[in-house]
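Read off the chains here:
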Amino acid sequence: MDKKYCYQPDVATSVICWSFTFMIFLLSMLLWLEITVLQSWTIVTFIIFIVVFALQVGSRQIKLGPDRLLLNKVIKTNNESISYADISAVATAGHRLLVKTKHNEYELLMKKSNVQEVAQLLRNKIAVV
């Protein structure tokens, strides 16, 4: 059975992504304040903000499969699949999970309890492989 955990990318990437997301929100508020009545443009931009917000939160998932780690991202073509055999180190620091492979280093932000759980599961998978 695959386990799923929500994550956010490293701090710099998160700041950039969420800044663009909240720019949509600010645009909807600006339209509302400039037009001074609630119109369809304001509602449409606010709905776009809600959709982008939901995509940012809901689509970023870590899936621990039987033989590989899957990093689902907002844009599905950017999803990454990491074999447990390729993982060389797993470290935690507060809300950060650091996964080092032969070619890349991934820094993921998660809930503190999930960080410890995923790190332990990954260490167990690495030890088996």
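Summary of the structure given here.

Calculation criteria
- Residues numbered from 1 in each chain as written.
- Predicted model: local features only at pLDDT ≥ 70, side-chain atom pairs only at ≥ 80, totals over all residues.
- Heavy atoms only, no water.
- Phe/Tyr/Trp six-rings, centres within 6.5 Å; stacked < 30°, edge-to-face > 60°.
- Helix = DSSP H or I, 4+ residues; strand = E, 2+ residues; numbered from the N terminus.
- Buried < 20%, exposed > 50% of the residue type's maximum accessible area, 1.4 Å probe, protein only.
- Pairing = 2+ DSSP bridges.
- Axes fitted to C-alpha atoms, helices over the stretch in contact; angles between N-to-C directions.
- Expected span 1.5 Å × (residues − 1).
- Contact = heavy atoms within 4.5 Å.
- Salt bridge = Lys/Arg side-chain N within 4 Å of Asp/Glu carboxyl O.
- Polar contact = N/O pair within 3.5 Å; in protein donor to acceptor, adjacent residues only side chain to side chain.

Let's talk about the packing of aromatic side chains
Overall, the coordinates contain seven aromatic pairs when judged by the stated rule. Considering the side-chain rings of tryptophan 18 and phenylalanine 22, the 6.0 Å spacing of their centres and the 35° angle between planes classify their relative orientation as tilted. With tryptophan 18 and phenylalanine 22 both in helix α1 (residues 11-35) and four residues apart, the pair spans about one turn of that helix. Given a relative accessible area of 38%, phenylalanine 22 falls into the partly exposed group. With 5.7 Å between their ring centres and 45° between their planes, phenylalanine 22 and phenylalanine 49 make a pair best called tilted.

Thoughts on the sheet that holds strand β6 (residues 96-101)
Strand order in this open sheet of three strands is β5-β6-β7, and the pairing throughout is antiparallel. The open sheet is flanked by β5 (87-93) and β7 (105-109), the only strands paired with a single partner. Averaged over all neighbouring strand pairs, the angle between strand axes comes to 15°, with direction disregarded.

Some words on α1
Its 25 residues place the ends of α1 36 Å apart at the C-alpha level, agreeing with the 36 Å of an ideal helix rising 1.5 Å per residue. For α1, the full list of buried residues reads Ser14, Cys17, Trp18, Thr21 and Ser28. On its buried face, α1 is in contact with α2 (40-58) and β7. One or two positions beyond α1, positive phi appears at threonine 36, with a value near 65°.

A short note on the sheet that holds strand β1 (residues 3-6)
Here we have four strands laid out as an open sheet, ordered β1-β2-β3-β4, and antiparallel in their pairing. The open sheet has two free edges, formed respectively by β1 and β4 (80-83), since each of these has just one partner strand. Direction aside, the axes of adjacent strands within the sheet are offset by 20° on average. Inspection of the sheet shows β1 paired to strand β2 (residues 61-64) by four bridges, in the antiparallel sense. Its bridge partner lying in β2, lysine 3 is registered against leucine 64.

Observations regarding the pattern of salt bridges
Pairing between side chains becomes possible if they bear opposite charge and their charged atoms approach one another. Overall, the coordinates contain three salt bridges when judged by the stated rule. Here aspartate 86 and lysine 102 are joined by a salt bridge, their closest N and O atoms 3.9 Å apart. Here aspartate 86 is found in the loop between β4 and β5, whereas its partner lysine 102 is found in the loop between β6 and β7, with 16 residues between them in sequence.

Regarding the environment of glutamine 56
Looking at the secondary structure, you find glutamine 56 in helix α2. Overall, the relative accessible area of 8% leaves glutamine 56 in the buried class. In this structure the C-alpha to C-alpha distance between glutamine 56 and lysine 73, which are 17 residues apart in sequence, comes to 8.6 Å. Ignoring sequence-local partners within four residues, the contact set of glutamine 56 consists of Gln8, Cys17, Trp18, Thr21 and Val74. A polar atom in the side chain of glutamine 56 sits 2.8 Å from the side chain of arginine 60.

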